[in-house]
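Here are the chains, one letter per residue:
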Amino acid sequence: MSNKRLKNKIALITGAGSGLGYETSKLFLSEGSFVYMSDINPIDTNELIENGYKDQFKEISLDISSKLAWQEFLVILKSDKKNINVLVNNAALSNPETRWDLINTSEEIWELAMSVNSTGVFLGMKNIIPEMIKNKDGSVINVSSIFGKVGSEMGAVYHAAKGSVTTLTKAAAIQYASSNVRVNSVHPGFLETNMTKKLHNKPGVREQRNKSTPLGRIGNPIDVAYGILYLASDESSWVTGSELVIDGGYLAQ
Ligand SMILES: NC(=O)c1ccc[n+]([C@@H]2O[C@H](COP(=O)([O-])OP(=O)(O)OC[C@H]3O[C@@H](n4cnc5c(N)ncnc54)[C@H](O)[C@@H]3O)[C@@H](O)[C@H]2O)c1
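A few points on the structure. Note that the structure is predicted; figures quoted are calculated from it, not measured.

A short note on the overall build of the protein
- Along its length, the protein carries nine helices and seven strands.
- Expressed along its principal axes, the backbone C-alpha trace of the protein runs to roughly 50 × 35 × 35 Å.
- Every one of the 253 residues in the protein was classed for burial, and the buried ones make up 43%.
- Excluding contacts between residues fewer than 6 apart, the proportion of contacts in the protein whose partners are at least 24 apart in sequence is 73%.

Listed below in structure tokens is the structure:
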């Protein structure tokens, strides 16, 4: 008998083309889940096919900030006759402009980053939780950040959006607990991904981030993917509304 931790699970992961979303997709596949890998950009799935996962995933083009895109995904789901058990709201936007301080943040950047990083998570839950309620089974994992819990000198809109994800998670957890739909947030510390590559390559930034992390290093996507795996699996069946901080000790200071 298979002892895979996500046996019989069907997951949708947003932002699956890069960094944490890609690593989580790989881990889910290795643990037996079927994965809808969605992203706004094309996904390079060659490695997954080479590893024998060809029939275990489907690539989906989905801009999380678009109401229409979510509705189109529901049509795909219906024609595939699949029930989603796990939603990982992982996709987010972070660029130099989203890292500007409050006074220098333009209204345009505010609207753009909120539409992806906050509204995108709202739309994901709004469209997928009703599917989970039908089956009285679901786990939603919303990827927030350490910056969804504390402030910093970097960015205004990123903090606002990630903070909204933290508390929206708790509201959804309470509202749908009676339908056995669990909703938790994950709070990564500094990670080495495409989102941060340029920033970390600036003189002194990587060193400073290594130093400010008690465990002495920036994290890798797999460090966080294992936490998402736990929340997706039935091992966490009594966990809802919680904040899983995976940050090398950053927030303990
Ligand atoms: N990298 C870090 O240091 C760090 C720290 C804390 C939290 N996080 C969070 O982790 C999550 C994953 O980030 P990452 O570091 O892997 O970044 P990444 O840039 O490597 O991956 C993000 C993915 O999201 C996709 N995406 C962007 N906008 C989208 C949209 N509108 N619709 C659908 N997909 C979209 C991108 O194409 C990309 O594939 C994000 O929620 C991020 O905020 C990252």
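Overview of the packing of helix α5 (residues 119-135) against helix α6 (residues 157-176)
- Contact geometry of α5 with α6 gives a least axis separation of 12 Å together with a crossing angle of 15 degrees. When the interaxial angle is binned, α5 and α6 end up roughly parallel. In this structure, α5 meets α6 at a crossing whose hand is right-handed. Mapping the contact onto sequence places V121, F122, M125, I129 and I133 in α5 and V165, L168, A172 and Y176 in α6.
- A per-class count over the contact of α5 with α6 returns nine nonpolar, no polar and no charged.

Focus on the site of the ligand
- Near the ligand you find 30 residues, and of these G15, G19, A92, T193 and M195 are the closest.
- In terms of residues, the shell around the ligand owes the most to one element, helix α1 (residues 19-30), which gives three residues.
- Across the shell around the ligand, the residue classes tally to 13 nonpolar, 15 polar and two charged.

Section: the pairing of strand β5 (residues 138-143)
- β5 sits mainly inside the fold: six of its six residues count as buried.
- The alternating pattern of β5 places G138, V140 and N142 and S139, I141 and V143 on opposite faces, both of which are buried.
- The pairing of strand β4 (residues 86-89) with β5 spans four bridges and is classified as parallel. Residue pairing in the sheet places N89 in a bridge with N142 of β5.
- Note: β5 against strand β6 (residues 181-188), six bridges, orientation parallel. Bridged to G138 within β6 is V181.

Conventions and cut-offs
- Residues take numbers from 1 onward in each chain, read along the sequence in its written order.
- Thresholds applied to this predicted model are a pLDDT of at least 70 for local features of residues and 80 or more for the giving and counting of side-chain atom pairs; totals over whole chains, interfaces and linings are not thresholded and use all residues.
- Working definition: helices are DSSP H or I runs of at least four residues, strands are E runs of at least two. Numbering for both runs from the N terminus.
- Put plainly, a residue is buried at 20 or more neighbouring C-beta atoms within 10 Å of its own, exposed at 12 or fewer, and partly exposed in between, counting only other residues' C-beta atoms, which are placed from the backbone.
- C-beta atoms are placed from the backbone for every residue, and two residues are taken to be in contact when these atoms lie within 7 Å.
- Comment: axis = line fitted to C-alpha atoms, over the contacting stretch for helices; angle = value between 0 and 180 degrees taken between N-to-C directions.
- When describing relative orientation, an angle under 35 degrees is termed roughly parallel and one over 145 degrees roughly antiparallel, while 65 to 115 degrees is termed roughly perpendicular and anything else oblique.
- Less than a right angle of anticlockwise turn of the near helix away from the far helix marks a crossing as left-handed, whereas a clockwise turn marks it as right-handed.
- Charged means Asp, Glu, Lys or Arg here, nonpolar means Ala, Val, Leu, Ile, Met, Phe, Trp, Tyr, Cys or Pro, and polar covers whatever is left, Gly included.
- Using a C-beta atom placed from the backbone, a residue is scored as near a molecule or strand whenever that atom is within 6 Å of it.
- Whether two strands pair comes down to DSSP finding at least two bridges between them.

Read these as layout, nothing more, since geometry by itself doesn't imply function.
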